[in-house]
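Summary of structural features
Spelled out from the first residue to the last, the chains are:
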Amino acid sequence: MFQASRLPRMTAIAGLLALSFAAQADQWQDMVQRKELKCGTFADVPPFAAPDPKTREMVGFDVDMCNTLAKHLGLTATITPLSVEARVPEVKMGRVDLTVANLAYTKSRGEQIQFSDPYYIAKEMLAVKATDTATTKAEYKGKRLSSTKGSTSELSIKMNGSEPVTFQDTGSAYMAVQQNKSVGVVANTMTITKLVNQSKTAGVELKMIKDPMVFQPIGVGMKKDEPVLLAKVNAALLAMDKAGEIDAIWAKWIGPNTEFKLVREEKVTPLADLKFELLP
């Protein structure tokens with residue numbers, strides 16, 4: 001009698017739990033109902049995302065990527081500025097739908113969130129004082145190198161056997177070299193290029209070591225177990241690539257006619273098709 005009376009109730013509870021799980025798992029439908037893409041970017045890391053000095057609106061490479069991605073998804077983008085270390089946690093907790101913030105695929109990040117197909121391959125580069133005689137990253141093993149906290153720059157420093165000195169923003173990491181708190185600063189290629197150029201007119205001049213610290217595929221981050229959202233984002237990125245929209249955004253912010261002078265050599269490629277050393 002006890003088992004018979006409990007069965008319908010347990011079945012009902014199981015059904016409710018299943019419905020609840022399905023609702024939580026289908027993030028894409030939630031976004032469609034909201035007609036909004038909550039997109040996390042850097043808070044102040046130009047040229048990726050930073051407040052415009054005049055309008056105070058967020059602008060940059062990643063901001064344009066968010067807006068164009070939203071257009072292809074039939075949604076309107078809402079930009080949420082994030083600190084470097086908050087890019088993955090904010091996605092995990094569902095406070096943003098996606099993170100588009102120069103986010104590199106690493107082992108630890110891949111265990112927490114899922115990644116879209118990469119839209120370019122970034123390099124972590126090292127800048128040191130122009131007077132330094134060293135020319136390779138190996139020569140900086142055991143030395144203090146600065147970077148932003150929680151970034152792949154920090155990981156690459158550890159992988160090189162160097163000692164990371166971390167800060168909340170790139171500007172502080174750069175000043176650490178100027179103030180002799182570290183012997184070099186590590187960041188992505190475009191940021192290091194900008195810092196080296198900046199140092200030629202103010203402070204101690206820096207140079208970039210040509211030997212990359214690491215290579216890393218850059219993609220869009222989103223919550224795990226959201227296959228529909230992943231498929232939608234990958235399809236949108238491929239469409240953006242074929243339409244030349246990613247190339248246009250690249251040219252505007254970091255291309256050959258900008259201070260960074262970078263050429264986009266890669267196209268949107270499935271992550272499984274790439275061969276690279278996975279960062280921890």
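Quick summary incoming for the structure in this document. (Residues numbered from 1 in each chain as written. Predicted model: local features only at pLDDT ≥ 70, side-chain atom pairs only at ≥ 80, totals over all residues. Heavy atoms only, no water.)

**What to know about the overall build of the chain**
Looking only at helices and strands, the chain features 10 helices and 11 strands. Overall, the C-alpha framework of the chain stretches about 85 × 40 × 40 Å when taken along its three principal axes. Buried residues in the chain amount to 46% of all 280 residues. Total accessible area computed for the chain in this model is approximately 13900 Å², and 56% of it derives from carbon and sulfur atoms. (Helix = DSSP H or I, 4+ residues; strand = E, 2+ residues; numbered from the N terminus. Buried < 20%, exposed > 50% of the residue type's maximum accessible area, 1.4 Å probe, protein only. Areas by Shrake-Rupley, 256 points an atom, 1.4 Å probe, with all protein chains shown as cover.)

**Side note on the packing of aromatic side chains**
Counted according to the given criterion, the structure contains 6 aromatic pairs. Between the aromatic rings of phenylalanine 42 and phenylalanine 48, the centroid separation amounts to 5.9 Å while the plane-to-plane angle is 55°, which identifies the pairing as tilted. Here phenylalanine 42 matches phenylalanine 48 in class, with each residue buried. Here the aromatic rings of tyrosine 119 and tyrosine 120 are separated by 5.7 Å at their centres, their planes lie at 55°, and the arrangement is tilted. Across this residue pair, the class does not change: tyrosine 119 and tyrosine 120 are buried. (Phe/Tyr/Trp six-rings, centres within 6.5 Å; stacked < 30°, edge-to-face > 60°.)

**Concerning the environment of isoleucine 79**
Examined against the element boundaries, isoleucine 79 turns out to sit in strand S4 (residues 76-82). Once the C-alpha coordinates of isoleucine 79 and alanine 176 are considered, the two residues, 97 residues apart in sequence, prove to be 30 Å apart. The contacts of isoleucine 79, once residues within four sequence positions are left out, are Cys39, Thr41, Met58, Val63 and Cys66. (Contact = heavy atoms within 4.5 Å.)

**Description of empty space enclosed by the protein**
The tally for this structure, following the rule as stated, stands at 1 cavity of 30 Å³ or more. Put simply, the largest cavity is a space of about 180 Å³. Lining the largest cavity are 19 residues, and of these Phe42, Thr148, Ser151, Ser153 and Asn188 lie nearest its centre. Broken down by secondary-structure element, the contributors of at least two residues to the lining of the largest cavity are strand S8 (144-148), helix H6 (152-159), helix H7 (170-178) and strand S10 (184-188). Counting residues per element, the lining of the largest cavity draws most heavily on S10, which supplies 4 residues. For the lining of the largest cavity, the residue count by class is 7 nonpolar, 10 polar and 2 charged. (1 Å grid on protein atoms, 1.4 Å probe; cavity = no way out; pocket = protein on both sides within 12 Å on 5 of 7 lines; lining within 4 Å. Points joined across faces, edges and corners; volume = space filled by probe spheres on them. Nonpolar A, V, L, I, M, F, W, Y, C, P; charged D, E, K, R; others polar.)

On their own, these measurements won't tell you what the molecule is for.
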